[in-house]
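In case you want the letters, here they are:
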Amino acid sequence: MGEGSRKKGFCGWFLVLLVAAVIAIAVVITVRKRSQNSEPELGPVPGPPGQVQKKYGDALKIAMQFFDVQKSGKLVDNKISWRGDSALKDGSEAKLDLSKGMYDAGDHIKFGFPLAFTATVLSWAILEYGDQMQTVDQLEPAQDSLKWITDYLIEAHPSENVLYIQVGDPETDHGCWERPEAMTEKRPLIQVNTSSPGTEVAAETAAAMASASLVFKSSDSTYSSTLLKHAKQLFTFADKHRGSYSESIPEVQTYYNSTGYEDELLWAASWLYHATGDKSYFEYVTGENGNDFAKFGSPTWFSWDNKLAGTQVLLSRVSFFGEKDTSNSDSLNKYRKTAEAVMCGLLPKSPSATKSRTDNGLIWVSEWNALQHPVASSFLAVLYSDYMLTSRTAKLSCGGESYGPSDIRKFAISQVDYILGDNPMKMSYLVGYGDKYPEYVHHRGASIPEDATTGCKTGWKWLNSTDQNPNVAVGAVVGGPFLNETYVDSRNNSMQGEPTTYNSAVMVGLLSGLITTSSVVQSFT
């Protein structure tokens, strides 16, 4: 064969190889695209709690301690060395013992609305993740802290249509800087009743009582029954005498102003359905009230003031695990679809992902108490992910894209890891966790030496001191970073540096869900 023929043969083979290579590349690209767009794969069915994630277990042990820091009353088995008995005469003007409960934040007021929310969320966390709490010996502390609040709430509800919703005067309290053990100022009471209704706070307290009744049902049936009786009465009061406490009692607007009571009615009825199995509560949330109040299809942020997202996730549990005559309800499916919309908004790569984030991915909605939204959103995300996994639900759809339970859990992990120190400040916003955390927390008790003698006005020098707090407010979740992800560690910076008891409840729930993996119970009863 001549040289020209050999060249032609070589060119022919080269073209064949080139075409084959192009085909191979096309196949690889197609396979990759299919892989990227493939249906999410479910992991194995979770069973009993598995291997503990030490980081989250350690963080939970710390977070749980803030409830002890915040306790009012005669302390039993006190675990915080610098705390002592306080507010022992609270409620005496009404011949009630309102000494228990917990202080709201860095001050010494007992605000009933966020305190009841604290109890509801803590109950929810125990009901869903009590077995996981137990793996790190935190179930009993959680139950003890919950009971410290519910004991107070029972006392605060002396008759069917009367609920005491505040102890202490914020203006007087905020005019003082002193340890709670040293308080001598008057502690006036505020109540809601038929002439001054407070539907949102009464309904939230009903939710707290109903959810807590489930927590104590097996360990103390008498106490559980008492809680449930109060829950039913409070819900009837809230629903029958509708009106916002922000309108009935304008002075509450300064600190915990309510944007509406409709969400609390649905939230309370949902918890009462779980606690009683009474279909009338299910019909309440799936009937006309659901259509009027639920804002189906409109995702919202879960918080002490707005319970809609929490209600949607809680009722999704019925959709996942309930009996056929309830789980197939059209209205119930609307709750679940809206819960899915909430999840889609949280997933960072979802077509409907919220833009309310910092550059490093932290959910960020508000300058004041910025961490409340990422923590609360992540708690709901872990719950929903576990509902999907336990029910063998492989995916949810967000704008045509599919996401699985692991995607939702990864979002929650990204948020809690940020809070625990994986952030531009390299600072843990959970006080007491890690090597670097805020040392000038805006908290009266933490800022004043245990042996200092101070009155209402003489304690201000401790607020203005340049020394770090002499006492560690262990477990406090501070307000958090600005949108630019900076944090100013100053005791006068209450916007960023003041912790709240209700944030700790949601943080406890979130960490409990991440300690390990296990199947969620299909029924709370």
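Above this text sits the structure in question.
Residues numbered from 1 in each chain as written. Predicted model: local features only at pLDDT ≥ 70, side-chain atom pairs only at ≥ 80, totals over all residues. Heavy atoms only, no water.

Participant: Any chance you could break down empty space enclosed by the protein for me, citing the residues and the numbers?
Facilitator: Unoccupied space between atoms shows up once a probe the size of one water molecule is rolled over them. Following the criterion strictly, the structure yields six cavities of 30 Å³ or more and no others. Taken as a whole, the largest cavity encloses approximately 90 Å³ of empty space. Taken together, H108, I109, G168, D169, T172, D173, C176, E178, M183, E185, K186 and R187 form the lining of the largest cavity. A class-by-class count of the residues in the lining of the largest cavity yields three nonpolar, three polar and six charged. (1 Å grid on protein atoms, 1.4 Å probe; cavity = no way out; pocket = protein on both sides within 12 Å on 5 of 7 lines; lining within 4 Å. Points joined across faces, edges and corners; volume = space filled by probe spheres on them. Nonpolar A, V, L, I, M, F, W, Y, C, P; charged D, E, K, R; others polar.)

Participant: Got a sec to walk through the layout of surface pockets? Specific residues and values, please.
Facilitator: In this model, the largest pocket occupies a volume close to 570 Å³. Lining of the largest pocket is provided by 24 residues; of these, Y255, Y256, W368, N369 and Y502 occupy positions nearest its centre. Looking at the lining of the largest pocket, the elements that each hand over two or more residues are α10 (253-256), α17 (372-390) and α21 (494-497). Residues of the lining of the largest pocket, tallied by class, amount to 10 nonpolar, 10 polar and four charged. (Helix = DSSP H or I, 4+ residues; strand = E, 2+ residues; numbered from the N terminus.)

Participant: Report on the sheet that holds strand β1 (residues 110-111), specifying residues and quantitative values.
Facilitator: Pairing within the open sheet is antiparallel, and its three strands lie in the order β1-β2-β3. Edge strands, defined here as strands with exactly one partner in the open sheet, are β1 and β3 (189-192). Both β1 and strand β2 (residues 163-167) contribute to a ladder of two bridges, which runs antiparallel. Bridge pairing in β2 links F111 to Q166. (Pairing = 2+ DSSP bridges.)

Participant: Now, about the pattern of salt bridges: what can you tell me, with residues and values included?
Facilitator: Evaluation of the coordinates by the stated rule reveals 18 salt bridges. Taking the shortest distance from any N to any O, the salt bridge between K307 and E204 comes out at 2.7 Å. Taken as a pair, K307 in the loop between α13 (288-293) and α14 (308-321) and E204 in helix α7 (residues 199-215) lie far apart in primary sequence, 103 residues in all. Given the relative accessible area of 0%, K307 is considered buried. Residue E204 is classed as buried on the basis of its relative accessible area of 0%. Residue D239 pairs with R242 through a salt bridge whose shortest N-O separation is 2.7 Å. Classification of R242 as partly exposed rests on a relative accessible area of 37%. (Salt bridge = Lys/Arg side-chain N within 4 Å of Asp/Glu carboxyl O. Buried < 20%, exposed > 50% of the residue type's maximum accessible area, 1.4 Å probe, protein only.)

Participant: Tell me about the packing of aromatic side chains, and please be specific about residues and values.
Facilitator: Taken as a whole and judged by the stated rule, the model has 24 aromatic pairs. Centre to centre, the rings of W124 and W271 are 5.8 Å apart; their planes meet at 85°, and the pair counts as edge-to-face. Linking W124 in helix α4 (residues 112-134) with W271 in helix α11 (residues 262-276), this pair joins segments that are 147 residues apart in sequence. Note on W271: relative accessible area 0%, which makes it buried. Measuring from ring centre to ring centre gives 6.1 Å for Y256 and Y502, while their planes differ by 80°; the resulting arrangement is edge-to-face. Placement of Y256 in helix α10 and of Y502 in helix α22 (residues 501-514) is noted, with a sequence separation of 246 residues between them. Taken individually, Y256 and Y502 each receive the classification buried, so the pair is uniform in this respect. (Phe/Tyr/Trp six-rings, centres within 6.5 Å; stacked < 30°, edge-to-face > 60°.)

Participant: Describe the state of the cysteines, listing the residues and the values that go with them.
Facilitator: One pass over the structure, following the stated rule, counts two disulfides. The disulfide partner of C176 is C456, and the gap between their sulfur atoms is 2.0 Å. A torsion of -85° about the S-S bond marks the disulfide between C176 and C456 as left-handed. In this pair, C176 is assigned in the loop between α6 (170-173) and β3 and C456 in the loop between α19 (444-447) and α20 (460-464), connecting sequence segments 280 residues apart. Accessibility assignment for this pair places C176 and C456 in one class, buried. (Disulfide = S-S within 2.5 Å.)

These values are about where atoms sit, not about what they do.
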